[in-house]
Amino acid sequence: LTPAYADPFTQMCMFIAALVHDYEHRGVTNDYLVATKDELALRYNDRSPQENHHLAAAFRVLAAPPNNFLAHLGDGEWARMRRCVIDLVLATDMKQHFAIMGHFASTHRVATHEAVKAALAGGVLGPGGASGLNGASNS
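Being a predicted model, the structure only gives us computed values, none of them experimental.

## A few points about the overall build of the chain
Tallying secondary structure elements over the chain gives 7 helices and 0 strands in all. Along the chain, helices and strands appear, N-terminal first, in the series α-α-α-α-α-α-α. The proportion of buried residues among the 139 residues of the chain is 25%. Looking at the chain alone, contacts between residues at least 24 apart form 54% of all its contacts between residues at least 6 apart. For the chain, the exposed surface amounts to about 9,500 Å²; the carbon and sulfur share of it is 60%.

Here's what the structure looks like:
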C-alpha cells in the first residue's frame, strides 16, 4: 500500500483484521448458521454471525494482558482501531461483496475489464488506447 492510500495506523488495522478475520471459523456458511438457528445466528440477529464472532472472540484474546500489544493506545486511538478492524472484518462477509465492490469502483473510478474492452472496440480511448486510462500519453 502506498502511504497516500493508507497511513501507518490504518495499515496496522488492516494487518490485525487480516489476522483475525477467520478466527474460530467453523467451516460452514452464515446462511447455514441462520437456517439451522445456530447460537451464533441467534446471538448476532442473523447478520454476519461468523464475522461478528471472529471479532468478539479475537478482541477477547487481544484484551488479555499477555496479548494486549495495543495497551499503549489512548481511548481515542483504541476506538479508532477497533472501528477500523470491525469494519474490515465485517466486509469479509460475502453477502456484502457486490455492494462493497460497487462502492469501491465508484469511489476510485476503477475501470472494469468490460468497460475497457468496450472503449477499445468503440474507439473511445483514441490513439493512446488503454494507456490513456492511467494518464500516460504516447508523446
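## Things to note about the packing of aromatic side chains
Per the counting criterion, the structure on display carries 1 aromatic pair. When the ring of F59 is compared with that of W78, the centres are 6.0 Å apart and the planes differ by 75°; the resulting orientation is edge-to-face. Of this pair, F59 sits in helix 4 (residues 49-63) while W78 sits in helix 5 (residues 75-90); the two residues are 19 residues apart in sequence, bridging distant segments of the chain. Residue classification places F59 among the buried residues on the basis of a relative accessible area of 8%. Here the basic side chain of R82 rests over the ring of F59, its NZ or CZ set 4.5 Å away from the ring centre.

Rules and cut-offs
Residues numbered from 1 in each chain as written. Predicted model: local features only at pLDDT ≥ 70, side-chain atom pairs only at ≥ 80, totals over all residues. Heavy atoms only, no water. Helix = DSSP H or I, 4+ residues; strand = E, 2+ residues; numbered from the N terminus. Buried < 20%, exposed > 50% of the residue type's maximum accessible area, 1.4 Å probe, protein only. Contact = heavy atoms within 4.5 Å. Areas by Shrake-Rupley, 256 points an atom, 1.4 Å probe, with all protein chains shown as cover. Phe/Tyr/Trp six-rings, centres within 6.5 Å; stacked < 30°, edge-to-face > 60°. Lys NZ or Arg CZ within 6 Å of the ring centre and 35° of its normal.

Keep in mind these values describe shape, not function.
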